[in-house]
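Given next are the chains, with one letter for each unit.
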Amino acid sequence: MPFTIDHIVIAVADLDQAMRDYEALGFTVLPGGEHPRGSRNALVVLADGAYLEIIAFPTPVPDFRWWEVFRAAGPGFVDYALLPDDFEADIARQRAAGIELEGPIDGSRLQPDGSRIAWRSARPLEPDIPFLVEDTTPRHLRVPEGAPRIHANGVTGVAAVTVAVRDLAAATARYRALLRQEPVAVGTVPGLGFGLAQFRIGEQILSIVAPRDADQAPSSHLAARGQGICALSFFGAEDIALDRGASHGAPLEIVRRRRS
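These numbers were taken from a predicted model, which means no experiment stands behind them.

Q: Go over the overall build of the protein chain, please, and point to the residues and values.
A: Of the regular secondary structure elements, the protein chain holds six helices and 15 strands. The C-alpha atoms of the protein chain give 17 Å as radius of gyration, which agrees with the globular expectation for 260 residues (18 Å, within 12%). Along the first, second and third principal axes, the C-alpha atoms of the protein chain reach 50 × 40 × 40 Å. Taking all 260 residues of the protein chain together, the buried fraction comes to 55%.

Structure (structure tokens):
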């Protein structure tokens, strides 16, 4: 598989409170550590290898997009990342397709035990598509295995990611170039009217949505937070929408895995 979903980033105002709230939602939450820019994070690692990065900024980080989105719009989603099977080749292929990327950018985090982990990333100039990440220290140090991946709420992995975009045709072309595949569905959502294109990454569905009218749901997200991830679903034991207050502004739901 060329890509897997690596992680989804949620910015919060108070990291310690967010950790308590996500634990109350039934997640196992791990302290992450501190980045050189001063941000701190916590992790919710899933059985499928993806994870939530819950991040807070004790001090402002001007010109860093995640901080700027949080400053302007408050807690909620700020980005998501894919893990490619060939980092350098995928960067070159995207650039050849006309996608502008920053990077590779070196990243690191000092963990609570004092150890340092490191990775590289490549980031699109416009976040209608995800950034790419590659570990330079062993991945299990960044994404812990074993017991931390078990959650009291029964969540096992990412079921679906929904991304709000302004121009559906342009974003679909960019995802087509990124994922090297055609969408499995293109059209409108019955009764809601916004445009939709869907891609599949293994068992996960990646939906791109664009409003056709100003009063549709993607419009409010675009106005407040810009293009990017706007909703996330997990596989679990029952269908339930998680409390938006406890998730610190991120629309999260659990869905049962349905077999055809």
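Q: Account for the pattern of salt bridges, naming residues and giving values.
A: In total, this model carries 15 salt bridges according to the counting rule given. Note that E88 is salt-bridged to R120, the shortest N-O span being 2.8 Å. Taken together, the positions of E88 in helix α3 (residues 87-96) and R120 in strand β7 (residues 116-124) put the pair 32 residues apart, joining distant regions of the chain. Since its relative accessible area comes to 41%, E88 is described here as partly exposed. Taking the relative accessible area as the measure of exposure, R120 reaches 18% and is therefore buried.

Q: I'd love a proper account of the pairing of strand β15 (residues 252-256), names of residues and values included.
A: Note that strand β13 (residues 228-236) and β15 share five bridges and pair parallel. When the bridges of β15 are listed, F235 appears paired with V255. Two elements, strand β14 (residues 240-241) and β15, share two bridges in a ladder whose sense is antiparallel. Across the sheet, the residue bridging to A241 is E253, located in β15.

Q: Give a detailed account of helix α1 (residues 15-24), specifying residues and quantitative values.
A: Looking only at α1, the buried set comprises L15, A18, M19, D21 and Y22. Seen along its axis, α1 keeps its buried residues to an arc of 165°; they face one direction. Contact partners of the buried residues in α1: β1 (3-12), β2 (30-34), β3 (40-45), β4 (51-56) and β15. Here α1 starts with a cap whose side-chain oxygen sits 3.2 Å from the backbone nitrogen of D16, and that cap is D14. A positive backbone phi angle near 100° is found at G26, which sits one or two residues after α1.

Calculation criteria
- Residues numbered from 1 in each chain as written.
- Predicted model: local features only at pLDDT ≥ 70, side-chain atom pairs only at ≥ 80, totals over all residues.
- Heavy atoms only, no water.
- Helix = DSSP H or I, 4+ residues; strand = E, 2+ residues; numbered from the N terminus.
- Rg over C-alpha atoms; globule rule 2.2 N^0.38 Å.
- Buried < 20%, exposed > 50% of the residue type's maximum accessible area, 1.4 Å probe, protein only.
- Salt bridge = Lys/Arg side-chain N within 4 Å of Asp/Glu carboxyl O.
- Pairing = 2+ DSSP bridges.
- Arc of directions from axis to C-beta.
- Contact = heavy atoms within 4.5 Å.
- Polar contact = N/O pair within 3.5 Å; in protein donor to acceptor, adjacent residues only side chain to side chain.

Remember that the coordinates give geometry; whether it matters functionally is a separate question.
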